[in-house]
Amino acid sequence: MPTDGVNKGRRRFLVATTSVVGAAGVGFAAVPFIQSWNPSAKAQAVGAPVQVSLGKLEPGQLLKVQWRGQTIGILRRTDETIGYLHSNDELLRDPESLESEQPSFARNEGRAYKEEFLVVNMHCTHLGCVPQVIPQVGPQPFEESWKGGFFCPCHKSKFDMSGRVYKGVPAPTNLKIPPYSFIDERTLLIGVNPEGVA
Ligand code: FES
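A quick note: this is a predicted structure, and the numbers were derived from the prediction, not measured. Note that residues are indexed from 1 along each chain, following the sequence as it is written. Given that this is a predicted model, residues contribute local features only at a pLDDT of at least 70 and side-chain atom pairs are listed and counted only at 80 or more, while totals for whole chains, interfaces and linings are drawn from all residues. To get the side-chain values, take all heavy atoms of the structure and skip hydrogens and water.

Topic: the packing of aromatic side chains
So, step 1. Pairs were defined over the aromatic rings of Phe, Tyr and Trp, the Trp ring being its six-membered one, requiring ring centres within 6.5 Å. Orientation was assigned from the angle between planes: stacked under 30 degrees, edge-to-face over 60, tilted for the rest. If you walk through the whole model with that rule in mind, you get 7 aromatic pairs.
So, step 2. Both rings, one in Phe105 and one in Tyr113, keep their centres 4.9 Å apart while their planes meet at 75 degrees; by these two values the pair is edge-to-face.
So, step 3. Relative accessible area decides the class of each residue, using a 1.4 Å probe on protein chains only: under 20% of the type maximum gives buried, over 50% gives exposed, and in between gives partly exposed. You can call Tyr113 buried: its relative accessible area is 9%.
So, step 4. Plain terms: the ring middles of Phe142 and Trp146 are 4.9 Å apart, the flat faces sit at 85 degrees to each other, and that makes the pair edge-to-face. Residue Phe142 shares its accessibility class with Trp146, and that shared class is buried.

Focus: the pattern of salt bridges
A side chain of one charge can pair with a side chain of the opposite charge when the charged atoms of the two come close.
So, step 1. The salt bridge criterion pairs a side-chain nitrogen of Lys or Arg with a carboxyl oxygen of Asp or Glu, the two atoms within 4 Å. Applying the stated criterion to the full structure yields 6 salt bridges.
So, step 2. Residue Glu116 is joined to Arg76 by a salt bridge in which the shortest nitrogen-to-oxygen separation is 2.7 Å. Placement of the pair is Glu116 in the loop between α2 (79-84) and β6 (117-121) and Arg76 in strand β5 (residues 70-76), with a sequence separation of 40 residues.
So, step 3. Owing to a relative accessible area of 25%, Glu116 belongs among the partly exposed residues under this scheme.
So, step 4. Ionic pairing is found between Glu185 and Lys114, a salt bridge with its closest N-O pair at 3.2 Å. On the criterion of sequence distance, the pair formed by Glu185 in the loop between β10 (180-184) and β11 (187-190) and Lys114 in the loop between α2 and β6 is long-range, its members being 71 residues apart.
So, step 5. Accessibility expressed as a relative area gives 43% for Glu185, which makes it partly exposed.
So, step 6. Put simply, Arg76, Glu116 and Arg186 are held in one network by salt bridges that share partners. Secondary structure elements follow DSSP: runs of H or I of four or more residues count as helices, runs of E of two or more count as strands, with numbering from the N terminus.

Concerning the pairing of β10
So, step 1. Within β10, 4 of the 5 residues are buried, leaving the element largely enclosed by the surrounding structure.
So, step 2. What sits between the antiparallel neighbours β10 and β11 is a turn of 2 residues. A strand pair is defined by DSSP finding two or more bridges across the two strands.

Observations concerning the nonpolar core
Across soluble globular proteins, you tend to see nonpolar side chains buried next to one another.
So, step 1. One finds Val52, Leu54, Ile74, Phe150, Tyr180, Leu188 and Ile190 to be the most contacted residues of the largest nonpolar core, which totals 42 residues.
So, step 2. Those elements that place two or more of their residues in this core are β3 (50-53), β4 (62-67), β5, β6, β7 (132-137), β8 (147-152), β10 and β11. For the purposes of this section, nonpolar cores are sets of buried Ala, Val, Leu, Ile, Met, Phe, Trp, Tyr and Cys residues that join through side-chain atoms within 4.5 Å.

What about the state of the cysteines?
So, step 1. What counts as a disulfide here is a pair of cysteine sulfur atoms lying within 2.5 Å. A complete count under the given rule lists 1 disulfide for this structure.
So, step 2. The disulfide partner of Cys129 is Cys154, and the gap between their sulfur atoms is 2.0 Å. Of note, the bridge from Cys129 to Cys154 carries an S-S torsion of about -95 degrees and is left-handed in sense. Pair noted here: Cys129 is in the loop between β6 and β7 and Cys154 is in the loop between β8 and β9 (157-160), with a separation of 25 residues, a long-range link.
So, step 3. Accessibility expressed as a relative area gives 37% for Cys154, which makes it partly exposed.

So, to be careful, I would describe these as geometric facts and stop short of saying anything about function.
Here you go:
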């Protein structure tokens, strides 16, 4: 997996920008929620890439942005939850993401360009609800051996911390990973893959 997501090309796009502000809520039981942000109507209308600064996103925190009418989550995973990913395979329907939608660089265990950051379309692949992120490791009412992940309250679909769907739930596939790239170490561009990536 690549470790450096710098995308030096394709700067001719109209780019909507935002930054993470007000990193409140650290230490809350639920994933600390940073900010919802909507690019301008003009940017949305043309489906523009969205530039996001991750400089203040702490481990365990989630940032949501809107891109092409979809809620995109950027989850900065902790070392603990990354460490559990390899142990989920038996619970998952498609642990290798063979049937799910993602850029080619994200067909890996972390489903990410940089393992630390999961960039994921938050809409459930069943009927489109937005699942809750529950990062705590330990028994949950809906899963005894929970190792952190996404839980969709609409019809109880479950996904791990890489958005990989559990067996035996209504959602048919893993959560989608949108196109994205890194402009620099802490600046994300949602909507554009690195040069040469499908
Ligand atoms: S919409 Fe998520 S389980 Fe049905």
